[in-house]
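Descriptive structure summary
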Amino acid sequence: MTKLSLSKDKINILLLEGVHDNAISELEHGGYVSVERLPRALDEAELLERIGSVHILGIRSRTHLTAKVLEAASKLICVGCFCIGTNQVDLKAARRLGIPVFNAPYSNTRSVAELVIGEIIMLMRGIFPKSNLVHAGGWMKSAKDSYEIRGKTLGIVGYGHIGTQVSIMAESMGMKVRYFDVVNKLALGNAQPCHSLEELLAVSDVVTLHVPDTPQTRNMIGPAQLRAMKKGSHLINAARGQVVDIEALAGALKERHLIGAAIDVFPKEPGSDAEVFESALRGLDNVILTPHIGGSTMEAQANIGTEVAQKLIEYSDNGSTMGAVNFPQVALPVHAGCTRFLHVHENRPGVLRKINEVFSGRNLNIAAQYLQTDPELGYVVVDVDGDVDENEVASELRAIEGTLKARFLYPGKPGGC
Ligand SMILES: NC(=O)c1ccc[n+]([C@@H]2O[C@H](COP(=O)([O-])OP(=O)(O)OC[C@H]3O[C@@H](n4cnc5c(N)ncnc54)[C@H](O)[C@@H]3O)[C@@H](O)[C@H]2O)c1
Ligand SMILES: O=C(O)[C@H](O)COP(=O)(O)O
């Protein structure tokens, strides 16, 4: 095992929101023993209190990492989102501070897709209101507002990982699938693309949303879009809470323009399980409300725990940013015997030359180098052999104009690489 510049028992890892046991075992297996796990999210004040001593932070969707928190995180080297969404992190601020953010882009995809399929059937049969009535001692044996899904049209907004899984399963159960995406996507099976959201809304018996939270998707389903949906249709949202105007949806359901909805995500979600959930949708007929559990299955959480922990270890051990959502992707194999330096900088002319001058000025041989840039950021991993004064080199690297972060990762051995 490579010895890091900061010994692994001194790397403080804080995992929030009940991240799965697999993450702990993966980290322990990688030699990281200073791991604290909390079952809940921390708010901004609590984060500010704790973040100064944390090197690696793991969160899920409830923890908001603002620029203020990130700026106070003087030791933070990377963040792991143990989920798909990363909108809870100020990714630009993290980039600016040289902190890569990792996630698990498809470990819970299947769980969300299966929930949506179940909800389509429950909604179209009106099962929840009937079941509630039976629980209360009633009996409503009726076919009114109860339909098969076979032959009905499912409209999928956002044909990415989840949208395409839903597409395949819905079609195999006899539904006609239409989809709308801002990117030209390969249609799976017999699914048909729509040219606009309006076209999709007008033809769908059930509309399901699978878009990320972006300025373009905020309130993308508002009063006008709800009116454009077929009378008697259903809406499902297991994407992000800001995508649907909840007050407008409640209105459309009360007017019976829509006759059912299943909502898993909300503009304002309780910060903890003890908080009361408030929503205009509470108590409405044939509305399935779930507490943001689309991706909460044992299988998904276990897979996510392993996947994200491995990415954090790869970055901490080797400097690999493969899979980071806000960073250029760089991976270099471990070069036993070499001294490894990492340098994150603004992507402007001349920085790489200056980095190389630091090494040539000291007569150091660069044994391997990997640079990747995007329009704003450059990330370079440099392996050198020979007799290296790591701390002096690292401080010279830090002094280069445009540097966001520079550190040496692990020392070399006499004789070099
Ligand atoms: N409820 C949950 O527990 C849960 C679990 C996992 C994921 N999610 C959410 O589901 C969302 C989708 O996940 P995914 O893995 O399928 O993401 P993805 O990135 O694979 O797919 C998203 C798709 O939406 C498309 N898109 C983006 N903006 C659009 C717009 N304005 N109009 C139409 N299409 C647009 C993209 O081109 C892409 O194809 C994520 O944002 C995530 O936050 C929720
Ligand atoms: O982004 C995601 O993967 C989902 O919203 C699930 O988030 P969670 O792990 O916080 O439940």
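Calculation criteria
Note on numbering: residues in each chain are counted from 1, in written sequence order. As they are written, the chains are lettered A onward and the ligands numbered 1 onward, keeping that order. pLDDT decides what is reported in this predicted model: residues at 70 or higher carry local features, side-chain atom pairs at 80 or more are listed and counted, and totals for whole chains, interfaces and linings draw on all residues regardless. UniProt positions are given in the numbering used here, feature names are shortened, and annotations may be inferred rather than shown by experiment. Runs of H or I in DSSP of at least four residues are treated as helices and runs of E of at least two as strands, each being numbered from the N terminus. Any residue with 12 or fewer other C-beta atoms within 10 Å of its own C-beta is exposed, any with 20 or more is buried, and the rest are partly exposed; the C-beta atoms used are placed from the backbone. Distance between backbone-placed C-beta atoms decides contact: two residues are in contact if it is within 7 Å. Directions drawn from the helix axis to the C-beta atoms are what define this arc. Between any two strands, at least two bridges found by DSSP are needed for them to pair. The axes used here are C-alpha line fits, helices contributing only the stretch in contact, and every angle between their N-to-C directions lies in the interval 0 to 180 degrees. In this analysis a residue is considered near a molecule or strand if the C-beta atom, reconstructed from its backbone, is found within 6 Å of that molecule or strand. When residue character is reported, Ala, Val, Leu, Ile, Met, Phe, Trp, Tyr, Cys and Pro are called nonpolar, Asp, Glu, Lys and Arg charged, and the others, Gly included, polar. Clockwise travel from the first strand over the helix to the second, with the strands pointing away from the viewer, marks a crossover as right-handed.

As annotated in an unreviewed UniProt entry, the protein carries the name D-3-phosphoglycerate dehydrogenase and comes from Azospirillum rugosum. One UniProt comment on the protein, placed under Sequence similarities (unreviewed entry), says "Belongs to the D-isomer specific 2-hydroxyacid dehydrogenase family." Of the protein, the UniProt comment under Pathway (unreviewed entry) reads exactly: "Amino-acid biosynthesis; L-serine biosynthesis; L-serine from 3-phospho-D-glycerate: step 1/3."

A word on the overall build of the protein
Along its length, the protein carries 13 helices and 16 strands. For the protein, the C-alpha atoms occupy an extent of roughly 85 × 45 × 35 Å along the three principal directions. Per-residue burial for the protein yields a buried fraction of 42% across its 417 residues. Put simply, 67% of the contacts in the protein that link residues at least 6 apart link residues at least 24 apart.

Quick notes on the UniProt feature "domain: ACT" (unreviewed entry) in the protein
In the numbering used here, UniProt assigns the feature "domain: ACT" (unreviewed entry) to residues 340-411. Each end of residues 340-411 is marked by a C-alpha atom, and these two atoms are 7 Å apart; helix forms 26% of the span and strand 46%.

With respect to helix α10 (residues 246-254)
Every buried residue of α10 is accounted for by I246, L249, A252 and L253. The buried residues of α10 occupy an angular sector of 120 degrees when the element is viewed end-on, so they sit on one face. Here the buried face of α10 lies against α9 (223-228), β10 (233-237), β11 (258-263) and β12 (287-289).

So, the sheet that holds strand β7 (residues 176-180)
Strands sit in the order β8-β7-β6-β9-β10-β11-β12 across an open sheet of 7 strands; the sheet is parallel. The open sheet has two free edges, formed respectively by β8 (192-193) and β12, since each of these has just one partner strand. Taken strand by strand, helix α7 (residues 161-172) contacts β6 (153-157), β7 and β9 (206-209), and its axis lies near 165 degrees from that of β7.

What about the sheet that holds strand β5 (residues 101-102)?
A sheet is described by the order of its strands in space; here 5 strands give the open sequence β2-β1-β3-β4-β5, paired in parallel fashion. Here the strands that pair on one side only, and so sit at the sheet edges, are β2 (35-37) and β5. Across 2 bridges, strand β4 (residues 78-81) lies against β5 in parallel orientation. By the bridge assignment for β5, G80 is matched with F102. Contacting β3 (56-59), β4 and β5, helix α11 (residues 298-318) crosses the sheet at an angle of about 170 degrees to β4.

Some points on the site of ligand 1
Within the structure, ligand 1 sits among 30 residues, and G85, G158, G160, I162 and G294 are positioned closest to it. Elements that contribute at least two residues to the shell around ligand 1 include exactly α5 (109-125) and α7. Among the elements that line the shell around ligand 1, the one with the most residues is α7, at 3 residues. Considering only residue class, the shell around ligand 1 consists of 13 nonpolar, 14 polar and 3 charged.

So, the pairing of β4
Burial of the side chains of β4 extends over both faces: C78 and G80 are buried on one face and V79 and C81 on the other. Examined bridge by bridge, β3 and β4 share 4 bridges and lie parallel to one another. Along β4, the bridge assignment pairs G58 with G80. Handedness of the β-α-β unit built from β3, helix α3 (residues 67-72) and β4 comes out right-handed. Crossover β4 to β5 through helix α4 (residues 91-96) is right-handed.

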